[in-house]
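Coordinate inspection notes
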Amino acid sequence: AVPQKMLRGVLEQGYLKTAVQEHYNEDPVRFQETGKPYVVVDLGCADGKNSVPIYREIIRTVRTVAPTIAINIYGVDLPEGNFGQVIANTLSGLTKFEEVYVYAIGRSFFDRLFADNQVDLFFSNQGLNW
């Protein structure tokens, strides 16, 4: 689990808001396109629980500049993961939001996961390198 102090620091420092705002400033038309969801990818999602507060902040921030945009969230972890649990944990933490779709990918994030220009925001909640 992510230590709550660390999580509060990430949310309070506004890193996510800054990232979304910079994206909006660079490409405001992107947020006005109808039919194209805002895509968020969590690299190393584990069971999805630890990322829910971050997802909420991303959704709130994106919706301040694009209130009706759909949001696709992809949790990526190794193929051995329990992806039914990832989706259930994530959805249960996001029940207050509409037009949010959750997916899971069982693949190493060292491999290419998406085609060019398909993802708006990548993040890694926590990682461990050997």
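Calculation notes
Residues numbered from 1 in each chain as written. Predicted model: local features only at pLDDT ≥ 70, side-chain atom pairs only at ≥ 80, totals over all residues. Heavy atoms only, no water. Salt bridge = Lys/Arg side-chain N within 4 Å of Asp/Glu carboxyl O. Buried < 20%, exposed > 50% of the residue type's maximum accessible area, 1.4 Å probe, protein only. Helix = DSSP H or I, 4+ residues; strand = E, 2+ residues; numbered from the N terminus. Expected span 1.5 Å × (residues − 1). Phe/Tyr/Trp six-rings, centres within 6.5 Å; stacked < 30°, edge-to-face > 60°.

**Re the pattern of salt bridges**
For the structure shown, the criterion picks out four salt bridges. Where Arg107 meets Asp111, a salt bridge forms, and the shortest distance between an N and an O atom there is 4.0 Å. Arg107 sits in the partly exposed class, given a relative accessible area of 37%. A salt bridge links Asp116 to Arg112; the nearest nitrogen and oxygen atoms lie 2.5 Å apart. Side by side, Asp116 and Arg112 carry an identical accessibility label, which is exposed.

**Notes on the environment of Leu91**
With respect to the secondary-structure elements, Leu91 resides in helix 4 (residues 83–93). C-alpha of Leu91 to C-alpha of Val52: the two residues are 39 residues apart in sequence and 8.7 Å apart in space.

**Notes on helix 3 (residues 52–65)**
A rise of 1.5 Å per residue sets the reference length of helix 3, with its 14 residues, at 20 Å; its end C-alpha atoms lie 21 Å apart and thus fit the reference within 8%. Those residues of helix 3 not exposed but buried are Val52, Ile54, Tyr55, Glu57, Ile58, Ile59, Thr61, Val62 and Arg63.

**Concerning the packing of aromatic side chains**
Under the definition given, this model contains six aromatic pairs. An angle of 70° between the planes, with centres 5.3 Å apart, marks the rings of Tyr24 and Phe31 as edge-to-face. For Tyr24, a relative accessible area of 24% puts it in the partly exposed group. Aromatic side chains Phe114 and Phe122 sit 6.4 Å apart centroid to centroid with 70° between the ring planes, which places their arrangement in the edge-to-face category. One aromatic cluster is present, formed by Tyr74, Tyr103, Phe114 and Phe122 through successive ring pairs.

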